[in-house]
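# Architecture and fold: a report
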Protein chains: 2
Amino acid sequence: MKRIAIDMDEVIADFHKKHLNMYNQNFNEELINSDLDGTRLWKIRPQVAEEILAYVDEPTFFRDLEVMEGSQEVIKELSKTFEIFITTAAMEHPNSFTAKYEWLKEHFAFLSDLNFVFCGNKSIINADYLIDDSPRHFKDFKGQGILFSAPHNKYRTDYVRVNNWEEVRMYFLK
Amino acid sequence: MKRIAIDMDEVIADFHKKHLNMYNQNFNEELINSDLDGTRLWKIRPQVAEEILAYVDEPTFFRDLEVMEGSQEVIKELSKTFEIFITTAAMEHPNSFTAKYEWLKEHFAFLSDLNFVFCGNKSIINADYLIDDSPRHFKDFKGQGILFSAPHNKYRTDYVRVNNWEEVRMYFLK
């Protein structure tokens with residue numbers, strides 16, 4: 001059985017939406033996704049970068065992220081013919097462990113928690129595929145990297161790209 | 001650079017000592033390590049198995065485990081010629097995440113936390129070697145499993161065995 005490793009933030013959990021909303025509320029702005037095409041919020045607002053980055057240090061930040069549309073249905077379907085692991089770089093946000101675990105147990109209860117991986121450097125992942133929004137994780141990944149579209153990676157052309165979960169379904173079950 | 005994945009409990013952290021002490025104190029017994037040769041505490045005391053297993057659900061249980069003798073020195077030495085990852089089946093004890101992370105940051109500060117992995121099923125680990133006290137993790141591991149001696153695995157003869165960290169040093173740096 002082939003194995004698919006799947007990232008959390010911006011792939012199955014809508015990190016971006018909550019983060020941008022928090023910023024807009026706190027700074028009375030109305031930025032939208034396309035303002036972040038090819039960049040990051042902390043890069044276009046360097047004067048408050050520290051404050052923006054600190055949003056995610058709040059232990060509960062990751063607990064109530066919205067589920068990315070279609071991810072539950074497609075992963076459930078894929079799990080019949082592929083081995084599924086959720087692989088998240090949680091070590092970058094050590095305060096997030098419990099929130100991330102509880103979020104997965106709530107929204108992806110059909111997966112075994114023995115298939116959840118909290119790591120940092122994803123070259124440690126032994127899988128055939130890795131679906132991720134961060135191209136840096138593909139560099140030393142031994143399998144096939146699949147870039148899940150997010151504003152910050154919009155102009156990357158060096159990886160197989162999927163724009164949404166329907167395209168993931170097509171890629172694997174076509 | 002070859003990569004060594006290293007388990008925590010009973011390999012670099014003395015889980016067993018604290019667990020057995022707690023049992024002896026709570027039940028006014030004087031069990032010693034050799035009473036557990038080839039078995040587990042909850043197996044030889046089935047009438048209180050649930051209580052014994054619950055010790056580790058306490059969020060701070062893993063925070064003050066003693067460091068296994070020689071592990072810091074040898075891992076520091078190995079890290080010059082090998083890539084080191086700490087790979088622990090923390091998903092079996094979700095309450096333990098923070099304690100395990102803080103313990104590693106305290107005692108193995110010379111390792112990057114991006115090289116810490118909290119997982120369940122260790123077949124997800126992409127490494128050349130895995131040093132672990134639980135033979136079940138070697139079953140689908142793609143590299144070389146190295147069994148670190150612990151009372152419960154005393155009679156296993158089906159894996160390369162190291163009895164202590166000096167033997168780990170000899171194995172890799174001989």
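Within any chain, residue numbers begin from 1 and follow the written order of that chain's sequence. Each chain is given a letter, starting from A, and each ligand a number, starting from 1, according to the order in which they appear as written. Only residues with pLDDT of at least 70 are given local features in this predicted model, and only at 80 or more are side-chain atom pairs given and counted; all residues enter the totals for whole chains, interfaces and linings. As a rule here, side-chain values cover all heavy atoms of the structure and leave hydrogens and water aside.

We count it as follows: UniProt positions are given in the numbering used here, feature names are shortened, and annotations may be inferred rather than shown by experiment.
In the annotation of an unreviewed UniProt entry, chain A is listed under the name 5'-3'-deoxyribonucleotidase and assigned to Bacillus seohaeanensis. As stated in UniProt under Sequence similarities (unreviewed entry), the record for chain A gives "Belongs to the 5'(3')-deoxyribonucleotidase family."

### Things to note about the relation of the copies chain A and chain B
Convention followed: For this overlay, a least-squares fit was computed on C-alpha atoms, restricted to residues scoring pLDDT of at least 70 in both copies. Between two residues, a contact is recorded if the distance between any of their heavy atoms is within 4.5 Å.
Note on the copies: chain A fits chain B at an RMSD of 0.0 Å, the axial shift is 0.0 Å, and the rotation between them is 180 degrees. Within this description, the copies of the chain are treated as partners about a two-fold rotation axis. Mapped onto chain B, 100% of the interface residues of chain A again fall at the interface, so both copies present the same surface.

### Structural notes on the pattern of salt bridges
Close approach of charged atoms lets side chains of opposite charge pair. Worth spelling out the cut-off: One side-chain nitrogen of Lys or Arg within 4 Å of one carboxyl oxygen of Asp or Glu is enough to make a salt bridge. In DSSP terms, a helix is any run of H or I states spanning at least four residues, a strand is any run of E spanning at least two, and both are numbered starting from the N terminus. Categorising residues by exposure relies on relative accessible area from a 1.4 Å probe, with only protein chains included: less than 20% of the type maximum marks a residue as buried, more than 50% marks it as exposed, and the intermediate range marks it as partly exposed.
With the rule as written, the count across this model stands at 34 salt bridges over all chains. In this structure, the salt-bridge partner of Glu166(A) is Arg169(A), at a minimum N-O distance of 3.0 Å. Pair noted here: Glu166(A) and Arg169(A) are both in helix α6 (residues 165-173), with a separation of 3 residues, about one helical turn. The exposure class assigned to Glu166(A) is partly exposed, which follows from its relative accessible area of 41%. In this structure, Arg63(B) engages Glu102(B) in a salt bridge whose closest nitrogen and oxygen atoms are separated by 3.2 Å. Remark: Glu102(B) occurs in helix α5 (residues 97-107) and Arg63(B) occurs in the loop between α3 (49-54) and α4 (71-78); sequence separation between them is 39 residues.

### Some words on the interface of chain A and chain B
Defined as follows: The buried area of a pairing is the accessible area, by a 1.4 Å probe, that goes missing from both parts when the two are put together, added over both. Throughout this description, a polar contact denotes any pair of N or O atoms lying within 3.5 Å of each other; where both atoms belong to protein, one of them has to be capable of donating a hydrogen while the other can accept it, and for residues adjacent in sequence the pair is counted only when both atoms sit in side chains. Side-chain classes are defined by residue name, with Ala, Val, Leu, Ile, Met, Phe, Trp, Tyr, Cys and Pro counting as nonpolar, Asp, Glu, Lys and Arg as charged, and the others, Gly among them, as polar.
Contacts between the two partners involve 23 residues from chain A and, on the opposite side, 23 residues from chain B. The largest contributions to the chain A side of the interface with chain B come from Met91(A), Leu114(A) and Ile124(A), which together make up 31% of the buried area. Summed over the shared surface of chain A and chain B, the number is 0 salt bridges. The interface formed by chain A and chain B contains 9 residue pairs in polar contact (both at pLDDT 80 or more). Of all elements in the fold, only β2 (83-88), α5 (97-107) and β3 (116-118) of chain A reach the threshold of two or more residues within the side of chain A that touches chain B. Split into classes, the residues belonging to the side of chain A that touches chain B amount to 12 nonpolar, 6 polar and 5 charged.

### Concerning the packing of α4(B) against helix α6 (residues 165-173) of chain B
Residue and element names in this part refer to chain B. What counts, and what does not: Note on definitions: angles span 0 to 180 degrees between N-to-C directions of axes, and those axes are lines fitted to C-alpha atoms, for helices only across the stretch in contact. Any angle from 65 to 115 degrees is called roughly perpendicular, while one under 35 is roughly parallel, one over 145 is roughly antiparallel, and all others are oblique. Each crossing gets its handedness from the near helix: less than a right angle anticlockwise from the far helix is left-handed, clockwise is right-handed.
Packing of α4 against α6 brings their axes to within 9 Å, and their N-to-C directions diverge by 15 degrees. Viewed along their axes, α4 and α6 adopt a mutual orientation that is roughly parallel. Viewed along their axes, α4 and α6 form a crossing whose handedness is left-handed. Contacts between α4 and α6 involve Ser 71, Val 74, Ile 75, Glu 77 and Leu 78 on the former and, on the latter, Trp 165, Val 168, Arg 169, Phe 172 and Leu 173.

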